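A look at the structure
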Amino acid sequence: MPHCDDLAYRLNPCYQPRSEPNSNRHLKPIPNTCMSDPATEAARRRTFAIISHPDAGKTTLTESLLLAGGAIHLAGAVAARGEARRTRSDWMKIERERGISVSSSVMMFEHRGLVFNLLDTPGHEDFSEDTYRTLTAADSAVMVLDAAKGIEPQTLKLFEVCRLRDIPITTFINKMDREALDPFALLDEIHAKLAMDTAPIYWPAASGQRFAGMLDLEADEFVPFRRLEAGESGFANLERQQRGDGDFLDGVSPEVRSELEETAELAREGFPKFDLKSFREGHLTPVYFGSALRRFGILELLEGLAAYAPAPREQHASIKGVETDVSAARDEVTGFVFKIQANMDPKHRDRVGFFRVCSGRFRRGMTLKTAAGKPLNVHNPMMFMAQEREIADEAYPGDVIGIPSHGGLRVGDSLSQSGDVVFRGIPNFAPEILKRVRVRDPLKQKHLRRALESLGEEGVTQVFKPMIGADLVVGAVGALQFDVLDERMKAEYGLDVLFEPSPYQAARWVSADSRADLEAFIEKSISQMAEDIDGAPVFLGKSAWEIGYVREKNPKIRFGDVKER
Ligand code: G4P
């Protein structure tokens, strides 16, 4: 948690340069006089997610960012190297076998008086639903690209998820220490494929063996790159060089020097200048370059996040039926659960709800209520999960705390002191693959139901109970979700299950203005009707075509492919 003697930074693009090397040029420190009102604390929070294609360097960047933060707290699926990676992720075999990070995790670190909450997202497209939920808890995202590859398929998919939520995106072009694509081509690709303006904040001096550093385009200062020695700690930045000083571009070969001067000038003319409003609205992305592995460009990226990324935003909610925006300054503690994770510690069977605080000052021991009025005494909230849990004595807007729960908490649940606040926008997506699930041992039918319900509450799968017949239908957005389900059924519930093809290919939540119309439709279509985990009616279609046909024949019925909770 933040200490009283920390420095807070003012959020304003007009910060004065500081003279120390590696300093946050835009950031002027102001003393934080030990205030802990929610608005002040919220202003110094940056809650962001990292999105990237597997192998672009998300894990390495995460480690470098944590290093910059000093106190490294790792949670959940953050992969460590080698043996450590295998041990840390032990709780989920599937992750180890496939080398992918399946579940999201949360990390908090401090840097120069700001508190950063980093939300990790699964890199694999089959878990985009999980990513979406995590992004509901993030105020901005960092998109990591491999400089030699540019936009890769998964980058695009994750970006689209961000766009759905209008999340501002900062771009980090990684691996500049390797031969990279032409930076103009990279920025043009972002512009063309993501339909976003690109504003380079720095411009690289060559790449690979010739990589010499980068030019701060606005300040016209050069940040020289130095290769870290093996085992060397810290960052690879040298002192900035100012144009006009004798040492400007000192040590940079004449060839790279003239290339840099020429291309930087073209970049200044050719790309739009950074514009805060445009960034915040998701129309423009500031672009940073660097190497996560060589720990270069990391401090500059953090500086960018500190100066430009939004502090906790207002969250749309309904309070006693009235639609409103909940600001971080609201006195009452409010927030929502965006993820439930089980078995974070293999030694203790447990379930933890990841709760994003939206307003107020949370204190340990508080009683929060669900929107259904159910009280929850939060005695042991965790600041960080997995191997390095810490008890959270307090938390502020933008923070994510883990609430241990033995059932009862679901993804999408709103919690508040009054129990009157319901946050909008944590959806369930209609599954794209549906399967019938059976347990090999028929005596374990009841266990199966309970296990599926529990995993359904976690959001691992969607469970549909057909209104006629006994076999449950499970749905997933991506095929790998079934593998996770299978694995966890075995490991945690001792159930050997069979997934069989289902006659259905699509599921839609049905609703209508009139209860009678809905009931009539359900009765008429009972053989294809099911209930989801909350008891909401779902129509199971044999094909997308059939859904279209049934929709046309039943104009009073709404067929939703997203269910907001
Ligand atoms: P991910 O989480 O996005 O999947 O990527 P991760 O950080 O695991 O990085 C993928 C590979 O790219 C790793 O190499 C990592 O060391 C390398 N890498 C990351 N950032 C940089 C960089 O800035 N420069 C260079 N040259 N390489 C980088 P690996 O060989 O697959 O793994 P490891 O044996 O190093 O763990």
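In what follows, the accompanying structure is described. Since the structure is predicted, the reported quantities are computational estimates derived from the model, not experimental observations. (Residues numbered from 1 in each chain as written. Predicted model: local features only at pLDDT ≥ 70, side-chain atom pairs only at ≥ 80, totals over all residues. Heavy atoms only, no water.)

Some words on the pattern of salt bridges
Threshold: Each reported salt bridge corresponds to a side-chain nitrogen of Lys or Arg within 4 Å of a carboxyl oxygen of Asp or Glu. Strands are runs of DSSP state E lasting at least 2 residues, helices are runs of H or I lasting at least 4, and numbering of each runs from the N terminus. Three exposure classes are used, based on accessible area relative to the maximum for each residue type with a 1.4 Å probe and protein chains only: buried under 20%, partly exposed in between, and exposed over 50%.
Evaluated as defined, the whole model comprises 30 salt bridges. Residue E259 pairs with R210 through a salt bridge whose shortest N-O separation is 3.3 Å. Taken together, the residues span a long stretch of sequence, with E259 in helix 8 (residues 254-270) and R210 in the loop between strand 9 (202-205) and strand 10 (213-216) at a distance of 49 residues. By relative accessible area, R210 is classed as partly exposed at 35%. Measuring nitrogen to oxygen at the nearest pair gives 3.4 Å for the salt bridge that ties E453 to K465. Taken together, the residues E453 in helix 11 (residues 445-458) and K465 in strand 29 (residues 462-466) connect sequence positions 12 residues apart. A relative accessible area of 27% means that E453 is categorised as partly exposed. By relative accessible area, K465 is classed as partly exposed at 25%. Sharing partners across several salt bridges, the network here consists of D220, R243, E261, E265 and R268.

Observations regarding the environment of V477
Note on placement: V477 falls in the loop between strand 30 (472-476) and helix 12 (480-493). The spacing of V477 and F429 is 48 residues in sequence and 7.5 Å in space, taken between C-alpha atoms.

Section: helix 7 (residues 183-194)
Defined as follows: One fewer than the residue count of a helix, multiplied by 1.5 Å, yields its expected span.
With 12 residues, helix 7 should cover 16 Å at 1.5 Å per step; its first-to-last C-alpha distance of 16 Å lies within 8% of that length. Regarding helix 7, the residues found buried are P183, F184, L186, L187, E189, I190 and L194.

Remarks on the packing of aromatic side chains
The cut-off we apply is this: Classification of ring pairs uses Phe, Tyr and Trp, with its six-membered ring standing for Trp, and accepts pairs whose centres are within 6.5 Å; under 30 degrees between planes counts as stacked, over 60 as edge-to-face, and the remaining range as tilted.
For the coordinates displayed, the defined rule picks out 19 aromatic pairs. Plain terms: the ring middles of F211 and F225 are 5.0 Å apart, the flat faces sit at 45° to each other, and that makes the pair tilted. Here F211, found in the loop between strand 9 and strand 10, pairs with F225, found in the loop between strand 11 (221-224) and strand 12 (241-242); they are 14 residues apart in sequence, far enough to count as distant. Using a relative accessible area of 5% as the deciding quantity, one classes F211 as buried. Ring geometry for F274 against F279: centres 5.7 Å apart, planes inclined by 50°, an arrangement best described as tilted. Assessed through its relative accessible area of 22%, F274 is described here as partly exposed. A relative accessible area of 0% places F279 in the buried class. In this structure an aromatic cluster arises from ring pairing among F184, W203, F271 and F289.

Brief notes about the pairing of strand 15 (residues 322-326)
The two faces of the sheet receive side chains in turn, since in a regular strand these alternate between them. Applied cut-off: When DSSP finds two or more bridges between two strands, those strands count as paired.
Here 5 bridges tie strand 14 (residues 315-319) to strand 15, and the two strands are oriented antiparallel to one another. Bridging across to strand 15, A317 finds its partner in T324. Hairpin connection of strand 14 to strand 15: 2 residues between the antiparallel strands, including K320 at a positive phi of 50°.

Re the sheet that holds strand 10
Reading across the sheet, the 4 strands line up as 9-10-11-12 and stay open at both edges, with antiparallel pairing between neighbours. Strands with a single pairing partner mark the edges of an open sheet, and in this sheet they are strand 9 and strand 12. Pairing geometry for strand 9 and strand 10, over 4 bridges, is antiparallel. If you follow P204 over to strand 10, its bridge partner there is M214.

Let's talk about the side chain of D216
What counts, and what does not: Each polar contact in these results corresponds to two N or O atoms within 3.5 Å; when the atoms are within protein, one needs to be able to donate a hydrogen and the other to accept it, and residues that are neighboring in sequence are counted only if both atoms are side-chain atoms.
Take D216: it is sitting in strand 10. Its relative accessible area of 0% is what places D216 among the buried residues. A distance of 3.1 Å separates a polar side-chain atom of D216 from the backbone nitrogen of A219. Looking at D216, its side chain comes within polar contact range of the side chain of R240, at 3.1 Å.

Section: the sheet that holds strand 34 (residues 537-541)
Note the threshold: Orientation is described by axes fitted as lines to C-alpha atoms, over the contacting stretch for helices, and by angles from 0 to 180 degrees between their N-to-C directions.
Ordered by their spatial adjacency, 8 strands build an open sheet running 31-28-30-29-33-34-32-35, and the pairing between neighbours is antiparallel. The open sheet has two free edges, formed respectively by strand 31 (497-501) and strand 35 (557-560), since each of these has just one partner strand. For this sheet, the mean inter-axis angle between neighbouring strands, taken without regard to orientation, is 40°. Alignment of strand 28 (residues 433-439) against strand 30, held across 5 bridges, turns out to be antiparallel. Within the sheet, the bridge partner assigned to V437 lies in strand 30 and is L472.

Describing the nonpolar core
Worth spelling out the cut-off: The criterion is simple. A nonpolar core is a set of buried Ala, Val, Leu, Ile, Met, Phe, Trp, Tyr and Cys residues joined through side-chain atoms within 4.5 Å. Here, residues are in contact when the closest pair of their heavy atoms is within 4.5 Å.
In this structure, F48, L61, L65, V142, W203 and F222 are the most contacted members of the largest nonpolar core, which totals 62 residues. Here the element with the most residues in this core is helix 10 (residues 298-308); it accounts for 8 residues. Setting aside residues no more than four positions away along its own chain, V142 makes contact with F48, A49, I50, I51, L61, T170, F172, L301 and L305. Residues I51, L194, I319 and V378 belong to the second largest nonpolar core, which totals 56 residues.

Observations concerning helix 10
Burial runs high along helix 10: 11 of the 11 residues are buried. Of the residues making up helix 10, those classed as buried are I298, L299, E300, L301, L302, E303, G304, L305, A306, A307 and Y308.

Considerations on the packing of helix 2 (residues 58-68) against helix 10
Put simply, the rule is: For classification purposes, angles smaller than 35 degrees are called roughly parallel, those larger than 145 roughly antiparallel, those between 65 and 115 roughly perpendicular, and all remaining angles oblique. Only Asp, Glu, Lys and Arg are considered charged in this grouping, and only Ala, Val, Leu, Ile, Met, Phe, Trp, Tyr, Cys and Pro are considered nonpolar; every other residue, Gly among them, is considered polar.
At a minimum axis separation of 10 Å, helix 2 and helix 10 run at an interaxial angle of 75°. With respect to helix 10, the element helix 2 is oriented roughly perpendicular. Every residue of helix 10 that contacts helix 2 at L61, S64, L65 and A68 is listed here: I298, L299, L301 and L302. Looking at the contact of helix 2 with helix 10, its residues break down into 7 nonpolar, 1 polar and no charged.

Some details on the environment of H53
Looking at the secondary structure, you find H53 in the loop between strand 3 (45-52) and helix 2. Judged by its relative accessible area of 18%, H53 is buried. Considering only alpha carbons, one finds H53 and V144, 91 residues apart in sequence, at a separation of 7.8 Å. Once you skip the residues sitting within four places of it in the chain, H53 turns out to touch E152, P153, Q154 and T155.

Comments concerning the pairing of strand 7 (residues 169-174)
To keep things clear, this is the line we draw: For crossovers, right-handed means that the path from the first strand over the helix to the second runs clockwise, given strands pointing away from the viewer.
In terms of burial, strand 7 is a largely internal element, 6 of the 6 residues being buried. Residues I169, T171 and I173 line one face of strand 7 and the alternating positions T170, F172 and N174 line the opposite face, and both faces are buried. For strand 6 (residues 140-146) and strand 7, the ladder comprises 6 bridges, and the chain directions are parallel. Bridging across to strand 7, M143 finds its partner in T171. One crossover worth recording links strand 6 to the parallel strand 7 by way of helix 6 (residues 153-164), and it is right-handed. Here strand 7 pairs with strand 13 (residues 284-289) via 3 bridges, running parallel. Paired with F172 across the strands is Y288, a residue of strand 13.

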